[in-house]
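Take a look at the letters that make up each chain.
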Amino acid sequence: NHPAKKILEAHNLTMRFGGVTALDSLNLHVNEGEILGLLGPNGSGKTTFFNVITGLYRPSSGSAIFRGKDITGASAQDVYREAITRTFQRSRLSLPLTVFDNIAIGDNRRLDTGLFFNLFQRKQFKSEYDQVVEQVNQLLLTFNPNLAAKIFEPVASLPMIDRRRIEICRALISEPDLLLLDEPSAGMTHDETAEVMNDILQVRSKVKPFTIVLIEHEMGLIQRMTERCIVLNYGKKIAEGTYDEIVNNPEVQVAYLGQ
Ligand code: ADP
């Protein structure tokens, strides 16, 4: 049995906001190909961890290593080029734009060359445009064929579950190696969340077995989806193990009692 290869490592990662220490000398790693659950009470530093890894914040100290390469303080674009993508807790979709436009925005191969928002560009760069349509369509066909049928509809006309799907496809269009999911269940029912998770697993099994870090409060989802979990409290790792191990961990139980 080979030891698992680490895709992401945090070494003594610290993030302070004024007097608040959101990450406190955090040490953790993510194994290549796994689905890791990232848990912890509100305010324990989970989203801050994503924000620091994806270049939204520069950490106060410590380092982040992606595939052996130091990405500490790298820009959001550079991190994106390293094939780490994410979703956000709050929707960031442009409602008047189409499903296609909202997903195509996420393609890191076009970070420098711009998009196809206006008709002029669409005509001038017809072959590139058609190619992007084809890529988005292919992703949607794997992810969720029903959504593929709505590719040119404005997002405003679609229900919450499809909007969540679009946000995830925006993160998937550039075929990341590491996908960071920030509470995909937010605003949806258990059944809806399960459907969207299955869509993600479709892409994972049919296109590429990318690694996932999943921030999630819904414990049923964590139990079904993850192979390993890490629990944060006050910006530190307090437990690590399988779902059963962490839910039976006394320190974890105490951390959640104050909730
Ligand atoms: P979680 O995702 O586990 O709920 P967060 O990472 O959002 O926790 O927050 C951790 C702590 O850092 C909280 O005390 C929060 O108020 C604080 N925090 C997060 N982002 C900022 C920010 N941009 N400015 C100030 N404080 C922040």
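Reading the values: the criteria
- Position labels on residues start from 1 in each chain and follow its written sequence.
- Totals for whole chains, interfaces and linings use every residue, but because this is a predicted model, local features are given only for residues with pLDDT of at least 70 and side-chain atom pairs only at 80 or more, for both listing and counting.
- Using the backbone to place each C-beta atom, any residue with that atom within 6 Å of a molecule or strand is considered near it.
- A run of H or I in DSSP counts as a helix once it spans at least four residues, and a run of E counts as a strand once it spans at least two, with each numbered from the N terminus.
- Nonpolar residues are Ala, Val, Leu, Ile, Met, Phe, Trp, Tyr, Cys and Pro. Charged residues are Asp, Glu, Lys and Arg, and all others, Gly as well, are polar.
- DSSP calls a pair of strands paired once it identifies at least 2 bridges connecting them.
- To obtain an axis, a line is fitted to C-alpha atoms, over the contacting stretch when the element is a helix, and the angle between two such axes runs from 0 to 180 degrees between their N-to-C directions.
- For the purpose of contact definition, each residue receives a C-beta atom placed from its backbone, and two residues are in contact when these atoms lie within 7 Å.
- Between the first and last residue of a helix there are one fewer steps than residues, each counted as 1.5 Å, and that sum is the expected span.
- Three classes are used. A residue is buried when 20 or more other C-beta atoms lie within 10 Å of its own, exposed when 12 or fewer do, and partly exposed in between, with C-beta atoms placed from the backbone.
- Here, a nonpolar core means buried Ala, Val, Leu, Ile, Met, Phe, Trp, Tyr and Cys residues linked by C-beta atoms lying within 7 Å of one another.
- An automatic or database domain assignment is the source of the domain bounds shown.

The next thing to look at is the site of the ligand. The ligand sits among Phe 17, Val 20, Ala 22, Gly 40, Asn 42, Gly 43, Ser 44, Gly 45, Lys 46, Thr 47 and Thr 48. Elements with a contribution of two residues or more to the shell around the ligand: β2 (20-31) and α1 (46-53). In terms of residues, the shell around the ligand owes the most to one element, α1, which gives 3 residues. Broken down by class, the residue content of the shell around the ligand amounts to 3 nonpolar, 7 polar and 1 charged.

Once that is clear, we can look at the sheet that holds strand β6 (residues 84-86). The sheet built from 6 strands is open, its strands ordered β6-β7-β8-β3-β9-β10 with mixed pairing. Both outer strands of the open sheet, β6 and β10 (236-241), are each paired with one neighbouring strand and no more. When strand polarity is set aside, the average angle formed by the axes of neighbouring strands in this sheet is 20°. Relative to the sheet, helix α11 (residues 250-257) contacts β9 (228-233) and β10, its axis offset from that of β10 by approximately 130°.

Taking 1.5 Å per residue as the helical rise, helix α7 (residues 160-172) with its 13 residues ought to reach 18 Å, and the 18 Å between its terminal C-alpha atoms agrees with that figure. For α7, the full list of buried residues reads Arg 164, Arg 165, Ile 166, Glu 167, Ile 168, Cys 169, Arg 170, Ala 171 and Leu 172. Residues of α7 that are buried sit in contact with β6, α3 (99-104), α5 (126-143), α6 (145-148), β7 (178-182) and α8 (190-206).

Residues spaced three or four apart along an α-helix face the same direction, because each turn holds 3.6 residues. The element α1 is largely enclosed, with a buried count of 7 among its 8 residues. Within α1, the full set of buried residues consists of Lys 46, Thr 48, Phe 49, Phe 50, Asn 51, Val 52 and Ile 53. Just beyond α1, the residue with positive phi is Gly 55, at close to 80°.

Moving on, we get to the pairing of β9. With respect to burial, β9 is a largely interior element, 5 of its 6 residues being buried. Bridging between strand β3 (residues 35-39) and β9 involves 4 bridges; their strand directions are parallel. Residue pairing in the sheet places Leu 38 in a bridge with Ile 230 of β9. In this structure, β9 lies alongside β10, joined through 5 bridges in antiparallel fashion. Of the residues in β10, the one forming a bridge with Asn 233 is Lys 236.

Attention shifts here to the nonpolar core. Taken as a class, soluble globular proteins show a tendency for nonpolar side chains to be buried jointly. In terms of nonpolar packing, the biggest core is built from 63 residues, with Leu 38, Ile 103, Cys 169, Leu 180, Leu 214 and Val 231 touching the most fellow members. Composition of this core by domain shows at least three residues from each of domain 1 (1-81 + 178-193 + 211-259) and domain 2 (84-175). Setting aside chain neighbours within four positions, we find Leu 180 in contact with Phe 50, Ile 53, Thr 54, Ile 84, Arg 86 and Val 213.

Considered domain by domain, the chain is made up of domain 1 (1-81 + 178-193 + 211-259) and domain 2 (84-175). Using C-alpha coordinates to define each centre, domain 1 is positioned 27 Å away from domain 2. Listed per partner, the contact involves 20 residues of domain 1 and 12 residues of domain 2. At the level of secondary structure, the elements contributing two or more residues to the side of domain 1 that touches domain 2 comprise α1, α2 (76-81) and β7.

Taking strand neighbours across the sheet as the criterion, the 4 strands line up as β2-β1-β4-β5 in an open arrangement whose pairing is antiparallel. Of all strands in the sheet, those with a lone pairing partner are β2 and β5 (69-70), marking the two edges. Pairing geometry for strand β1 (residues 6-17) and strand β4 (residues 61-66), over 5 bridges, is antiparallel. Of the residues in β4, the one forming a bridge with Ala 10 is Ala 64. Each of β1, β2 and β4 is contacted by α1, which is oriented at about 70° to β2, the strand it contacts most.

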